[in-house]
Amino acid sequence: MDARIVDRLRCPVCGEPLAEATAGTARALRCPRRHSFDVARQGYVNLLAGRAPHAGDTAEMVAARADFLAAGHYDVISAALAEAATEAVARVGAAAPGAGAYPLVVDAGAGTGRYLAAVLAALPDAVGLALDVSKPALRRAARAHSRAAAALADTWQRLPLADGSAAVLLNVFAPRNGAEFHRVLDPAGALLVVTPAGDHLAELVGALDLLRVDPAKSDRVAESLGGRFTPDGGTALRRELALTGPEVATLVGMGPSAWHTDPAGLAARVAALPEPVRVTVSVRLTVWRPAPG
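Residues numbered from 1 in each chain as written. Predicted model: local features only at pLDDT ≥ 70, side-chain atom pairs only at ≥ 80, totals over all residues. Heavy atoms only, no water.

1. Quick word on the pattern of salt bridges
Tallied over the full model, the rule gives eleven salt bridges. Among the ionic pairs, Arg91 bridges to Asp232, the shortest N-O distance being 3.6 Å. You can see Arg91 sitting in helix α3 (residues 75–95) and its partner Asp232 sitting in strand β10 (residues 229–243), a full 141 residues away along the chain. Judged by its relative accessible area of 40%, Arg91 is partly exposed. According to the relative accessible area criterion, Asp232 is partly exposed, its value standing at 37%. When salt bridges that share partners are traced, they join Arg91, Asp232 and Arg289 into one network. (Salt bridge = Lys/Arg side-chain N within 4 Å of Asp/Glu carboxyl O. Helix = DSSP H or I, 4+ residues; strand = E, 2+ residues; numbered from the N terminus. Buried < 20%, exposed > 50% of the residue type's maximum accessible area, 1.4 Å probe, protein only.)

Structure below.
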């Protein structure tokens, strides 16, 4: 694991720094108090202080997401995140000269790590850390980019990171822990939050009886950040996709509706849709700055 990333990690039990240790072919991260966390052979490290409250996305959901994103359907989101992260890192470096060396980008709820990889590709001096509770997702995130690492962590709990260690936090369609995001983010850094707009995938919601976007989504995002952040601009991102039936099934299978959809019934409804299936991607990227204190 990249030493520049390990240097920012902290023991989830006691908060002490971690260092890499090896015993034969086994690898682990250990703190001075001898708490030890195994590095899986797939490359991610388990930094849970206890048992995970849930297993996260299934292997099938992760595979569907990997296929759909690899086709470039959500590249508009990747490009916008890369641009916003580049501006954020420049701001951190200007606020504290020298702090811009090896800036850390953390993706909380990273999934396959595709968005983190896109940001790192735009920031050649940065390193990245993917956090997720899904082991199938982390197996992919650990290989998403040569300057990225992946860790099993519950983002609702204390994050295994030093105070102020991240220049940028990515939060794409994922839960938000306002207190912890504020603690680990550099005071000059940025939290980049991507949320679905009301008409996101609207063509499929009615036709396939999918979960609807909460109309109070923006209010709930602000509430979750608990006054610890202030908005500093945002961008509406829209794109119309022309999908095949199998691509529609993959899109549904990668998201939260997969937990609530009968596969046989979904397949029948998807087969009834005329191709190409026109689908609107409609999301908002909001930049949040840490409030003082």
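Following the structure, the description resumes.
2. Description of the packing of aromatic side chains
The full count for this structure, using the stated rule, is two aromatic pairs. When the centroid spacing of 5.5 Å and the interplanar angle of 85 degrees are considered together, the rings of Phe68 and Tyr74 count as edge-to-face. The pair formed by Phe68 and Tyr74 is uniform in burial state, with each residue classed as buried. (Phe/Tyr/Trp six-rings, centres within 6.5 Å; stacked < 30°, edge-to-face > 60°.)

3. Concerning the pairing of strand β2 (residues 26–30)
One ladder, built from three bridges, connects β2 with strand β3 (residues 36–38); its direction is antiparallel. The residue of β3 that forms the bridge with Ala28 is Asp38. Hairpin connection of β2 to β3: five residues between the antiparallel strands, including Arg34 at a positive phi of 70 degrees. (Pairing = 2+ DSSP bridges.)

4. Some points on the nonpolar core
Ranked by internal contacts, the top residues of the largest apolar core, which has 59 residues, are Tyr74, Leu81 and Leu192. When residues of this core are assigned to their parent elements, the largest contribution, eight residues, is made by α3. Look past the residues within four positions of Tyr74 in its chain and what remains in contact with it is Phe68, Leu69, Tyr115, Phe173, His200, Leu201, Arg239, Leu251, Met254 and Val281. Residues Cys31, Leu47, Leu185 and Leu225 belong to the second largest nonpolar core, which totals 33 residues. (Core = buried A, V, L, I, M, F, W, Y, C linked by side-chain atoms within 4.5 Å. Contact = heavy atoms within 4.5 Å.)

5. Section: the sheet that holds strand β9 (residues 185–196)
The strand order across the open sheet built from eight strands is β4-β7-β6-β5-β8-β9-β11-β10, with neighbouring strands paired in mixed fashion. The open sheet is flanked by β4 (45–46) and β10, the only strands paired with a single partner. Note: strand β5 (residues 104–108) against strand β6 (residues 127–132), five bridges, orientation parallel. Bridging across to β6, Asp107 finds its partner in Ala130. Contacts from helix α8 (residues 217–224) reach β9 and β11 (277–290), with the element oriented near 155 degrees to β9. (Axes fitted to C-alpha atoms, helices over the stretch in contact; angles between N-to-C directions.)

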